Amino acid sequence: MGFARTCSVTLVGVEGVVVEVQADLEPGVAAFTLVGLPDKSLTESRDRVRAAVVNSGGEWPQKKLTVGLSPASVPKSGSGFDLAVACAVLGAAERIDPRVLGDIVMIGELGLDGRVRPVRGILPAVLAAADAGYEQVVVPECAAAEASLVPGVSVLGVRSLRQLIAVLADEPVPEETEEQTGPDPLLAALRAPGTGADTGMHGSGSAAQDQGHDLADVVGQRSARTAVEVAAAGGHHLFLEGPPGAGKTMLAERLPSILPSLDRQASLEVTAVHSVAGLLPLGKPLIDTAPYCAPHHSATMQALVGGGPGTARPGAVSLSHRGVLFLDETPEFSSKALDALRQPLEAGHVVIARSAGVVRFPARFLMVLAANPCPCGRFSQTNDQCECPPSAIRRYQARLSGPLLDRVDLRVEVDRVTRDQLTAAGARGETTAAVADRVRAARDRAAARLAGTPWRNNSEVPGRELRSRWHAVPGAMDDAERSLERGVLTARGLDRVLRVAWTVADLAGHDRPDVTDVALALQLRTGVPRGVPMAIGAGV
């Protein structure tokens, strides 16, 4: 009787669980049994592993073979167990010394010819292995850079099962021929149809939006530009309302480029989500820029918050984690999908409960909503070109629920661009680089103030902490508190006004929000003019 064990990792959302892969050989009729709650793709590994071992020059044991995945109570999914199953079987057959396998975590899919193929979720899988105390990990060669992002772990990248057998058996490592290691068109499986690649349902970083996109291209729109700057500096949600062609989408597309680069922890979080979703850019194992996700208004609730049949997958709110989620033509989204955003907007994560288990995805994003004022888009207080009846306007605007809008910090009306603004010489506004510098300085001031707390920017600070630890200038909040008494603001709205006021103060270089800062925050929150200039710092 032969026995061997090694380890692999199964993913539950973006969290990994180390699984012990055990192989047992007994005399009897040749059979291959796989136990431990495997899914369909994992059950099929029996045929993949057998063909890979034989085509790699190995001998398949003609005995009763049982492979167990422990803990047996945790559902296992995916093809990433192939490499561990093959090595455990070869260890039980004494082709490899079983003693060298016990402390190694193996992640990878096997082709029928023995090639080691990449799988989704390499980074969170290696993070789980490191947290469990493992120091050696074997992954496909093309995923070694992603696995190496985890400190304290020795990563071995292999091209084929033959190479791994030679390394573990302390034999000369064979050189693979060009036919075996050339470009693999099947790597496209990591970007399977329906995962959102090249559809706006991905977050490949602001670099994609920064090519040829500059805030200076936006003509006029001083109020909207100020709101975008405040949103970037404090991480505040933004609602842009205005006629078609006024520049709402242009502003949203340029927002990621003025956000600061992600720190190490945020980069790992974002990379882990995109790795699980199969949307990690090829050749870029670490995403260090803010992601941008712009789903179409026909997106379902599952596409926005995550879920789907079988294993729950991250949705748009998770793909835009630490970045921007842009919902253009917001009233055209289904009310069910929009209201599903209310919980992740508050919690910073989304929990998806299914019969197979509960999955938790991170979802701390900056949301930008864009909408026309009416179905025809021409409704305005300053002209009478709108042809929509009042009832149609009310129904259209009512598609955005009050509880959802109450979670939006900034509401700005984007005005129609005039001919004079378009044709005026030297009418370009501030560049992205100039605004990004102010945003970075404001975030640095907020980070210094919030040092030693679990919060990163002003939008994350709870209202009770703002009211008890960081106070505005005496009397600065009087107007906002009167708005609360009149019912213009809710209690949540008052807290959000204070958060925005702190961001305005950080942009202006003030130690504490003064009356002008709070007035501008109120104006941005309610959309009601209060006689303060809609510009900050150098933008005045």
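Residues numbered from 1 in each chain as written. Predicted model: local features only at pLDDT ≥ 70, side-chain atom pairs only at ≥ 80, totals over all residues. Heavy atoms only, no water.

Caption draft 1: Highlighting the layout of surface pockets. The space that makes up the largest pocket amounts to roughly 1,300 Å³. Residue assignment for the lining of the largest pocket shows that the elements contributing at least two residues are α4 (122–131), α11 (264–277), α15 (342–347), β14 (357–362), α19 (432–449) and α22 (491–508). With 6 residues, α11 is the largest single contributor of residues to the lining of the largest pocket. Tallied by class, residues from the lining of the largest pocket come to 22 nonpolar, 10 polar and 17 charged. Here the second largest pocket is characterised by a volume of approximately 660 Å³. Lining the second largest pocket are 29 residues, and of these Ser77, Gly78, Ser79, Val119 and Arg120 sit closest to its centre. The element that contributes the greatest number of residues to the lining of the second largest pocket is strand β1 (residues 2–12), accounting for 4 residues. Here the residues of the lining of the second largest pocket are counted per class, giving 13 nonpolar, 10 polar and 6 charged. (1 Å grid on protein atoms, 1.4 Å probe; cavity = no way out; pocket = protein on both sides within 12 Å on 5 of 7 lines; lining within 4 Å. Points joined across faces, edges and corners; volume = space filled by probe spheres on them. Helix = DSSP H or I, 4+ residues; strand = E, 2+ residues; numbered from the N terminus. Nonpolar A, V, L, I, M, F, W, Y, C, P; charged D, E, K, R; others polar.)

Caption draft 2: Quick peek at the packing of aromatic side chains. Taken as a whole and assessed by the stated rule, the structure comprises 1 aromatic pair. Relative to tryptophan 60, the ring of phenylalanine 32 has its centre 5.7 Å away and its plane inclined at 40°; by these criteria the two rings are tilted. Of this pair, phenylalanine 32 sits in strand β3 (residues 31–35) while tryptophan 60 is found in the loop between α2 (45–55) and β4 (64–70), placing the two residues 28 residues apart along the sequence. Residue classification places phenylalanine 32 among the buried residues on the basis of a relative accessible area of 9%. A residue is classified by how much of its surface remains accessible, and tryptophan 60, at 11% relative accessible area, is buried. (Phe/Tyr/Trp six-rings, centres within 6.5 Å; stacked < 30°, edge-to-face > 60°. Buried < 20%, exposed > 50% of the residue type's maximum accessible area, 1.4 Å probe, protein only.)

Caption draft 3: Examining the pattern of salt bridges more closely. On inspection of all chains with the given rule, the structure shows 30 salt bridges. We note a salt bridge from aspartate 263 to arginine 456, for which the minimum N-O separation is 3.5 Å. Here aspartate 263, found in the loop between α10 (248–258) and α11, pairs with arginine 456, found in the loop between α19 and α20 (463–469); they are 193 residues apart in sequence, far enough to count as distant. Residue arginine 492 is joined to aspartate 406 by a salt bridge in which the shortest nitrogen-to-oxygen separation is 2.8 Å. Taken together, the residues arginine 492 in helix α22 and aspartate 406 in helix α17 (residues 402–406) connect sequence positions 86 residues apart. On the basis of relative accessibility, which here comes to 30%, the residue arginine 492 falls in the partly exposed class. Its relative accessible area of 15% is what places aspartate 406 among the buried residues. One network of salt bridges, with partners in common, ties together Glu346, Asp406, Arg407, Asp409, Arg492, Arg496 and Arg525. (Salt bridge = Lys/Arg side-chain N within 4 Å of Asp/Glu carboxyl O.)

Caption draft 4: Molecular detail of the sheet that holds strand β11 (residues 292–293). Spatially, β11-β12-β15-β10-β16 is the arrangement adopted by the 5 strands of the open sheet, whose pairing is parallel. Looking at the sheet topology across the chains shown, the edges are occupied by β11 and β16 (410–413). Pairing analysis gives 4 bridges linking strand β12 (residues 324–327) to strand β15 (residues 366–371), with the strands arranged parallel. Looking at the pairing, leucine 327 lines up with leucine 369 of β15. Set on the sheet, helix α9 (residues 222–234) makes contact with β10 (238–241), β15 and β16; between it and β16 the angle comes to about 160°. (Pairing = 2+ DSSP bridges. Contact = heavy atoms within 4.5 Å. Axes fitted to C-alpha atoms, helices over the stretch in contact; angles between N-to-C directions.)

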